[in-house]
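# Coordinates in review
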Amino acid sequence: MYKVIFTIIVALIGGFIGHHLKFPAGAMVGAMIFVGAANILGAKPQLPETFNVLAQIIIGVFLGLSITKEILVNLKDYIVPSLLVVTLLAVFGVVTGFVVNKLTGIDLYTSLFGSVPGGMQEMVILSQSYDVNHPAVMTIQTVRRVLIVVIYPLLVVFVSKFTGSHIQLPGK
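What this report covers is the structure whose coordinates are included nearby. Computed from a predicted model, the values in this text were never measured in an experiment.

Criteria and cut-off values
- Residues numbered from 1 in each chain as written.
- Predicted model: local features only at pLDDT ≥ 70, side-chain atom pairs only at ≥ 80, totals over all residues.
- Heavy atoms only, no water.
- Helix = DSSP H or I, 4+ residues; strand = E, 2+ residues; numbered from the N terminus.
- Buried < 20%, exposed > 50% of the residue type's maximum accessible area, 1.4 Å probe, protein only.
- Contact = heavy atoms within 4.5 Å.
- Areas by Shrake-Rupley, 256 points an atom, 1.4 Å probe, with all protein chains shown as cover.
- Lys, Arg positive; Asp, Glu negative; His and termini not counted.
- Charge placed at Lys NZ, Arg CZ, Asp CG, Glu CD.
- Phe/Tyr/Trp six-rings, centres within 6.5 Å; stacked < 30°, edge-to-face > 60°.
- Axes fitted to C-alpha atoms, helices over the stretch in contact; angles between N-to-C directions.
- Parallel < 35°, antiparallel > 145°, perpendicular 65-115°, else oblique.
- Left-handed = near helix turned anticlockwise from the far one by under 90°.
- Nonpolar A, V, L, I, M, F, W, Y, C, P; charged D, E, K, R; others polar.
- Polar contact = N/O pair within 3.5 Å; in protein donor to acceptor, adjacent residues only side chain to side chain.
- Core = buried A, V, L, I, M, F, W, Y, C linked by side-chain atoms within 4.5 Å.
- Patch = residues over 30% accessible without salt bridge, like charges linked within 9 Å, V, L, I, M, F, W, Y side chains within 5 Å.
- Salt bridge = Lys/Arg side-chain N within 4 Å of Asp/Glu carboxyl O.

## Some points on the overall build of the protein
Along its length, the protein carries seven helices and zero strands. Its helices and strands taken in sequence order, the protein reads α-α-α-α-α-α-α from the N to the C terminus. With the C-alpha coordinates of the protein rotated into their principal frame, the extents come out at 60 × 40 × 30 Å. Here the protein holds 172 residues, and the buried ones make up 21% of them. Here the analysis covers contacts within the protein between residues at least 6 apart in sequence; of these, 49% occur between residues at least 24 apart. Entry remark: accessible area of the protein is about 12,400 Å², with carbon and sulfur atoms responsible for 75%. For the protein, the distance from the average site of its 10 positive side-chain charges to the average site of its 6 negative ones is 11 Å.

In structure tokens form, the structure reads like this:
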């Protein structure tokens, strides 16, 4: 029981620090770094498997909360673009997973889960249902997310300048 309480305290401290520092997915990344560091330092943090199930339920709750009447009302206008985006991202994610697997030798399914352009938390939780390298998936997803947060806004500005259709920034 001591190790479970210790793990929760370490995770909370790391999670709050990551969130406070405004890291992408800061609470999850901070908790992961702090618990991982405790593990590396020999503290042997532990949680019962039921906590994993509880975490999946909580993620499901937050995803469910995002489904609103407004989303359903607007669905008719955005169903085709949404399906197109999902299809293209899925295809590109699978192609990327195969390419990364062939170029780096990383396990194919670990590479596929690491290459999925979906929400990091959801993909990491989903990957836990499969026999993949979870730390690798988490690392790849974290690096992907951090780089996207840094690079994508620059790409949007570049596209704006390249096409001559300037994007309006809030407050400017």
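## Remarks on the packing of aromatic side chains
Inspection of the entire model under this criterion finds three aromatic pairs. Summarising the aromatic geometry, the rings of Tyr-2 and Phe-6 are spaced 6.2 Å apart at their centres and angled 25 degrees between planes, so their arrangement reads as stacked. Of this pair, Tyr-2 and Phe-6 are both found in helix H1 (residues 2-20), four residues apart, which corresponds to roughly one turn of the helix. Ring geometry for Phe-158 versus Phe-162: centroids 5.9 Å apart, planes at 20 degrees, classification stacked. Residue Phe-158 and its partner Phe-162 are located together in helix H7 (residues 134-163), separated by four residues, close to a single helical turn.

## Description of the packing of helix H4 (residues 69-104) against helix H5 (residues 108-115)
Remark: H4 packs on H5, axes separated minimally by 8 Å, with the N-to-C direction vectors making an angle of 135 degrees. Compared by their axis directions, H4 and H5 come out oblique. Helix-helix and strand crossings are classified by hand; for H4 and H5 the assignment is right-handed. For the pair H4 and H5, contact is made by Gly-93, Val-94, Thr-96, Gly-97, Phe-98, Val-100 and Asn-101 and by Leu-108, Ser-111, Leu-112 and Ser-115, respectively. In terms of residue class, the contact of H4 with H5 is made up of five nonpolar, six polar and no charged.

## Regarding the environment of Thr-142
In this fold, Thr-142 is placed in helix H7. For Thr-142 and Phe-92, which are 50 residues apart along the polypeptide, the C-alpha to C-alpha distance reads 19 Å. A polar side-chain atom of Thr-142 sits 2.7 Å from the main-chain carbonyl oxygen of Met-138.

## Structural notes on the nonpolar core
Within the largest apolar cluster, eight residues are counted, these being Ala-25, Val-29, Phe-113, Met-120, Val-124, Val-132, Val-137 and Met-138. Here Val-124 is in contact with Val-137 and Met-138, once residues within four sequence places are set aside.

## Overview of unusual backbone geometry
Within the chain, Lys-44 stands out as a residue other than glycine whose phi angle is a positive 55 degrees. If you trace the backbone, Lys-44 turns up in the loop between helix H2 (26-40) and helix H3 (49-65).

## Re a nonpolar patch on the surface
On the surface, a nonpolar cluster with roughly 940 Å² of combined accessible area is contributed by Met-1, Ile-5, Ile-9, Ile-13, Ile-17, Leu-21, Phe-23, Met-32, Ile-33 and Phe-34. Ranked by residues supplied to the nonpolar patch, first place goes to H1 with four residues. On the secondary structure map, Met-32 appears in helix H2.

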